[in-house]
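# Breakdown of the fold
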Amino acid sequence: MAPSTISLAPSTATASATESTKLKTTPTPTPTQAVNTLTAPLPYPPAFSPLLSHPHHESTPVIGTEFSGDFQLSSILSSPTSLQHLASLISHRGVVFFRGQEITPSQQRELVQSLGELSGKPATSGLHIHPLTRENGKDGDHISIISSEERIKYENARKERERVRELGWEKGEESQLASVGWHADITFENVPSDYATLKVHTQPATGGDTLWASGYEVYDRLSPSFRAYLETLSAVHNADRFKEVAAARGHTLRNHRGAPENNDLELTAVHPVIRTNPVTGWKSVFVNRSFTKRILGVSIDESELILNHLFRLVSENHDLQVRFRWARYKDGETGDVAVWDNRSTFHTATDDYIETGGVRSGDRAVSLGERPFYGGQGERSRGRREALGWRGVERIY
Ligand SMILES: [Fe+2]
């Protein structure tokens, strides 16, 4: 019988170094199976969608679609058909951008919940409550304030924590690689996110871009034999660092976080390394540098080797990324909005404005989807390139 916990050796580059936390290695038995109820992927593109009659363009061939400010997301909140088309568009394109939006935080919550419901998410999955959300906070449980000021406090705490660990690092010797920030949201949850949205309403004069990367395309860049091997593996995701942040801030972690599967304080989950997105039927790599600590069933050296290779495919391939420049609006309420599928994309912030005193702030709402699954081979579980009939190109240098 597999052990229920395993001790992480201190030298993993992928884990927080010197971490000796006991991490569970088997999925937590949960009240429901949290299965997506779609019987087939949603069509793409939709046969006819009023949504697509609004001016829009693809940001890159691989990832991202952008709508102009002529279209307001709030105008389709009462149209299930348009919302389902939007869910399909987001899942196929990975992330969709909307310029000049007036959508409110409560409408953002309504939006991502509806996108999930109209694309088969389990009835037991609601909106995520982040473990660091304070009870009775003025912004409510389901909106995370993305704030540069909070981020600075958090980063300072993180650097101090790493310094005092037995690493020998001093201040100023931390990693200088911005790529350490690539992640998918809340993958430490047994039932993580399907859709998430961020509206940035306060933006510095320059800087503060956000980047997304396609997990579908990362999968497609693996050789068939390596893909087949990875499809047999599971990985441990963990967010113990939030425990330290909560302690530093003087409050406790939230233990009821939007789904019955997300009710413990372990902040640890086991997920397949390759995940099928039920909305597209496409396979994606589903490990990320922020939360994935190790792969099960292999040595710690092999785990590190595999994870670092997958992380490099995300961060070193600019042709599977899109970089979004948030516009600045004068009224402090209008903002650009991004909506993305956390099952099949990664993203990272750009902190280049902080040294110049820039301030950036926005509202994020995160919906919970199904328990991640690997769907095997076939029409409902295949690579994006195969589904689109792309043959792949020889890379020319
Ligand atoms: Fe994020």
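Quick look at the structure, then. Just so you know, these numbers come straight off a predicted model, no measurement behind them.

## Some remarks on the sheet that holds strand S8 (residues 210-214)
Strand pairing in a sheet relies on backbone hydrogen bonds, with the paired strands running either antiparallel or parallel. Strand order in the open sheet formed by three strands is S14-S8-S16, and the pairing between neighbours is antiparallel. Strands at the two margins of the open sheet, each flanked by one partner only, are strand S14 (321-324) and strand S16 (345-349). Strand-to-strand twist across the sheet, computed as the mean angle between neighbouring axes with direction ignored, equals 20 degrees. Across four bridges, the pairing between S8 and S14 is antiparallel. Looking across to S14, one finds that Trp212 is bridged to Val322.

## Some points on the coordination of the iron ion
Each protein donor to the iron ion is listed here as His183 (NE2), Asp185 (OD) and His347 (NE2); together their distances run 2.2 Å. Looking at Asp185, the relative accessible area reads 3%, which means it is buried.

## Quick look at the sheet that holds strand S10 (residues 268-272)
Strand order across the open sheet formed by three strands is S10-S9-S13, with antiparallel pairing between neighbours. The open sheet is flanked by S10 and strand S13 (292-295), the only strands paired with a single partner. The sheet shows a mean angle of 25 degrees between the axes of neighbouring strands, taken without regard to direction.

## Thoughts on unusual backbone geometry
Within the chain, Ile186 stands out as a residue other than glycine whose phi angle is a positive 45 degrees. In this fold, Ile186 is placed in the loop between helix H3 (148-164) and strand S7 (193-202). Judged by relative accessible area, which is 3%, Ile186 ranks as buried. With a phi close to 55 degrees, Leu267 is a non-glycine residue in the positive phi region.

Basis of the calculations
Residues numbered from 1 in each chain as written. Predicted model: local features only at pLDDT ≥ 70, side-chain atom pairs only at ≥ 80, totals over all residues. Heavy atoms only, no water. Pairing = 2+ DSSP bridges. Helix = DSSP H or I, 4+ residues; strand = E, 2+ residues; numbered from the N terminus. Axes fitted to C-alpha atoms, helices over the stretch in contact; angles between N-to-C directions. Donors = N, O, S within 2.8 Å, 3.2 Å for Na, K, Ca; no water. Buried < 20%, exposed > 50% of the residue type's maximum accessible area, 1.4 Å probe, protein only.

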